[in-house]
Structure formats: C-alpha cells, structure tokens
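# Structure at a glance
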Amino acid sequence: MVTVNLEGIVKRFKDVVAVNDVTLTIEDGELFTLLGPSGCGKTTILRCIAGFYIPEKGKILFDGLDVTNVPPNLRETGMVFQNYALWPHMSIFDNVAYGLKIRKMEKEKITEKVNEILDLVKLEKLAERFPYQLSGGQQQRVALARALVIEPKVLLLDEPLSNLDAKLRIEMRNEISRIQKRLDITTIYVTHDQEEALAISDRLTVIDKGIIQQVGAPVDIYSYPTNYFVADFIGECNLIPGTVSSIDGYITLETDIGVIRGVADSKEKKFKVGDGAYAAIRPENFDLHSTSKEANHIKGKVKYTQYFGKINRLFIDSNGNRLMADADPMKTINVKKKEIDLYAEPDSILILSEG
Ligand SMILES: Nc1ncnc2c1ncn2[C@@H]1O[C@H](COP(=O)(O)OP(=O)(O)OP(=O)(O)O)[C@@H](O)[C@H]1O
Ligand SMILES: [Mg+2]
C-alpha cells in the first residue's frame, strides 16, 4: 500500500492550463475520486500520476519517494482506461497475462496468478474467449483484472464504467468497491458522475478548470459545499442570490423571494452587511407543511412535477425564480398549478459567498 502526494502540480497544453497547482494527499488503501465536468483536468492528473505526462511544475511522491521523473513502467501503477483498450486478437487469459509475460514471470506462476485474478473478477469460465465475445461489463472486468494482476502499488481508474448501462454501472461500482477493499489497494478513481462519486469514494475532490474546489468525505461535500460551483455540481441545489442584511448566530439574506436565514458555509468565512451571497437549499430540505412562523417562508406556484418513485419533485416559480422541492408523492397528487408555501429550517440552509 502506498500514500500518493501531489504537490503543486501544473500541466499545460500550449495555452491551456489543464492542471493548475493541484496539491492532494491520497492515503494508503483509500479509494479517492477525482470528480468534475468534462475538460476539468481529471485524465491529465491521472496521466501525471501514471507517468505518461511529466508536469511542468510540482512533485509526485509515492510513500514520500519522488517519482515525478520516473518512467511509467517503473512506477508500478495499474491503469484502466475509459475504452478498456483490450487486445482484440488475444484471449481473455492472454490479455490478463500480458503484463506478467513482459515482466518475464515463469509460465506456471503466470497461469496461477491469472486464474486467481480471473476468479476475483468472476471471469474464470471465460478465460479462453476473445474480447468481442464478451459483454461490456465483462470486458470492463477484464480491463480491471489486467490492471490488478501486476499487483500495482496504485490503481488508476479513468471513468471505468462510462460505457455501461445504468443498472450495470451500479453493479460494477459495487464490484470495484468490493475488490478494492479486499485487496486494500490505494485507488484513484475518475468520474464526472457525482452520484457514482458519492457512492463509491472514501474521499473525493471536486475539480473545476484544473483547480481543486474542495476535498472531503462524500457526506461533507454534499452537506457542506464550500462554494457555488460545488453546491451546484453535487446533487440538486436551489441557489438563491441575495444581499446580507444582518449577522447574528445566523446570516440573513434579502432576496427577491423573501428573507432567508441560514448558516455560513465555514467558520473562517466572514460576511459583512451589504455583501452579495447565495442561499443554498437542497430540494429535500423544503417542507411543504410547516406551521413555523419564522423567516424562510417562500411562496410560489407549482409549474410541473416529476415523479421519481420515492419522491415527487416539484418545479416551482417564485417571483420569476425556478425552485425545486422534493415532496411526499402521496401528499402532492394534485399540486400542479397550485400556489404553495415552502419552508426550510435555517440550519439546513447554507449561505455561500459569491466568490
Ligand atoms: N494532449 C492534449 N493536447 C492538448 N490539450 C489537451 C490534451 N489533453 C488534454 N487537453 C486539454 O486539457 C484540458 C483537460 O483535459 P482532460 O482530458 O484532463 O479533462 P477531463 O477532466 O479528463 O475531461 P473528460 O471528463 O471529458 O474526460 C482540456 O481542456 C483538454 O482539451
Ligand atoms: Mg478524461
């Protein structure tokens, strides 16, 4: 097991700064996710860690050892590429065995290791097949087996599930989680799917334009996003602009849908009266049936609804602002076109600064 440190990594492609001063510590045996929109620099960071790119600035350390200029084949990382990149003319067995053959391992030992790893990814019965004879999910397992068979110090997974259908994605992410925990291998996982990131990660980082926005456990990132970008990118969030009008235990915002009281996103951040800010309210934190007399009552009209089984999501117009609120489907059967009153507890509302 290995701790991976990135210290001030910068990687440019001509005038594009793909990775902008990224500093991260990925702990021993952790499943750590790089999450962000297309083009934010996830693959470039992974390629720097694997050694396919050398950053212009900064250092990469494995267990304190500087590997920044060590070539990929000596870094002992295993990588799964987005498109699997299996060799079409080789059987599954040979695809997985390849990395061991070029390491000149004995034939018997290779057979033993490949069978062991095919067993782990539940492909032992398909060893003689060729990639075209496998489903997408099975090919994905082969790619995983091929990366794992060399017993890498660090496992790098670049959107490994992106070619699979919704149900298989969930099945495979559970599988990856199981194997990762069983082998206790330091793993860096790349996805642009926030739900997948929340489900699978021990910790994750949200990246925008090559810059780290936040690092934390899934529950911290979801409950305490530190800025507008993270609040907007992770899950659904109503972000209501306003101006700070008073500060006591709570921050009070004047907005064009009424007075909203909430809590500051972090203790260090100081708001002043007159500052621009956003109230961040998750749809599930709205209550349609509150009798509270405090601030935070918002009036609106339901434009339309979307039924998700467990919840009914209401799309509400409030003085020209579009809001989302999640409600009990049984209690909101005939709510369309109706005026409603929404309430959210001050403690469930985060006040985020504009910057
Ligand atoms: N080889 C390259 N040459 C020039 N520009 C590149 C190269 N590779 C990446 N870029 C640019 O660097 C930025 C980051 O790209 P990167 O592939 O790391 O993004 P990503 O987060 O992996 O995106 P996606 O989710 O679409 O895979 C993008 O603006 C991209 O166009
Ligand atoms: Mg990518």
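See the structure shown above.
The structure contained in this document is the topic of the report that follows. (Residues numbered from 1 in each chain as written. Chains lettered and ligands numbered in written order. Predicted model: local features only at pLDDT ≥ 70, side-chain atom pairs only at ≥ 80, totals over all residues. Heavy atoms only, no water.)

### Concerning the layout of surface pockets
Approximately 510 Å³ is the volume attributed to the largest pocket. Every residue lining the largest pocket is counted, 18 residues in all, and those nearest its centre are Thr 77, Gly 78, Met 79, Arg 103 and Ile 150. Looking at the lining of the largest pocket, the elements with two or more residues in it are β6 (77-80), α2 (92-101) and α4 (136-148). Per-element accounting of the lining of the largest pocket gives the leading share, three residues, to β6. Looking at the lining of the largest pocket residue by residue, the classes come out as eleven nonpolar, four polar and three charged. (1 Å grid on protein atoms, 1.4 Å probe; cavity = no way out; pocket = protein on both sides within 12 Å on 5 of 7 lines; lining within 4 Å. Points joined across faces, edges and corners; volume = space filled by probe spheres on them. Helix = DSSP H or I, 4+ residues; strand = E, 2+ residues; numbered from the N terminus. Nonpolar A, V, L, I, M, F, W, Y, C, P; charged D, E, K, R; others polar.)

### Observations regarding helix α1 (residues 42-50)
Among the nine residues of α1, seven are classified as buried, and the element is accordingly described as predominantly covered. The set of residues buried in α1 consists of Lys 42, Thr 44, Ile 45, Leu 46, Cys 48, Ile 49 and Ala 50. Gly 51, located one to two residues past α1, shows a positive phi value of around 100 degrees. (Buried < 20%, exposed > 50% of the residue type's maximum accessible area, 1.4 Å probe, protein only.)

### Overview of the pattern of salt bridges
Applying the stated criterion across every chain, the model contains 17 salt bridges. Residue Glu 236 pairs with Arg 313 through a salt bridge whose shortest N-O separation is 4.0 Å. Taken as a pair, Glu 236 in the loop between α8 (228-233) and β11 (238-247) and Arg 313 in strand β16 (residues 312-318) lie far apart in primary sequence, 77 residues in all. With relative accessibility at 38%, the residue Glu 236 sits in the partly exposed group. (Salt bridge = Lys/Arg side-chain N within 4 Å of Asp/Glu carboxyl O.)

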